[in-house]
Amino acid sequence: MTLEVERTGEHAFVGRNERGAEVRLGRKGAEGAFSPAELLQIAAAGCSAVTAEELITRRVGDAKFRVNVTADRREGASELDAVHVTFDVDVSTLPADQRDALAGAVDRAIERLCTVSRTLKKGIPVTESFPGA
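Structure report, in brief. Computed from a predicted model, the values in this text were never measured in an experiment.

Criteria and thresholds
Residues numbered from 1 in each chain as written. Predicted model: local features only at pLDDT ≥ 70, side-chain atom pairs only at ≥ 80, totals over all residues. Heavy atoms only, no water. Pairing = 2+ DSSP bridges. Helix = DSSP H or I, 4+ residues; strand = E, 2+ residues; numbered from the N terminus. Contact = heavy atoms within 4.5 Å.

Side note on the pairing of strand E2 (residues 12-16)
Pairing between strand E1 (residues 4-9) and E2: five bridges, direction antiparallel. Bridged to Glu4 within E2 is Arg16. Hairpin geometry of E1 and E2 is characterised by an intervening segment of two residues between the two adjacent antiparallel strands and by a positive phi of about 60 degrees at His11. Two elements, E2 and strand E3 (residues 22-26), share five bridges in a ladder whose sense is antiparallel. Along E3, the bridge assignment pairs Phe13 with Leu25.

Below you can see the structure in the form of structure tokens.
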């Protein structure tokens, strides 16, 4: 699958996939756009949500839930030090032992299946290429 990012104006970009989806990118604080670091965090939260969806809906029903994400970043650093994913789902109808069992199942599924989190934890090489003169 090929993904692309196209410059559309000053500090304005659009990311696309082959299925026609688009996302606006820009510098931190750009109106109506995600920064690349925000997209990395969204990817971690989204991967966790997609991975856990069936486990959650099977136990609490077809309810909406939210996955929040934050990151630790040292002042002026050009890297994130940690990403924190937090589920916001109403499990109040479940007994305590079932809530604990669901939390454990979600953790195990993410550890085993979430490509984004697994990749971030592992750390991988990233290469760039630029046309030569």
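Remarks on the environment of Leu102
Within the secondary structure, Leu102 sits in helix H2 (residues 96-113). Linking Leu102 and Leu55, residues 47 residues apart in sequence, is a C-alpha distance of 7.4 Å. Residues within four places of Leu102 in sequence aside, it is in contact with Leu55, Ile56, Arg59, Val60, Val91 and Leu94.

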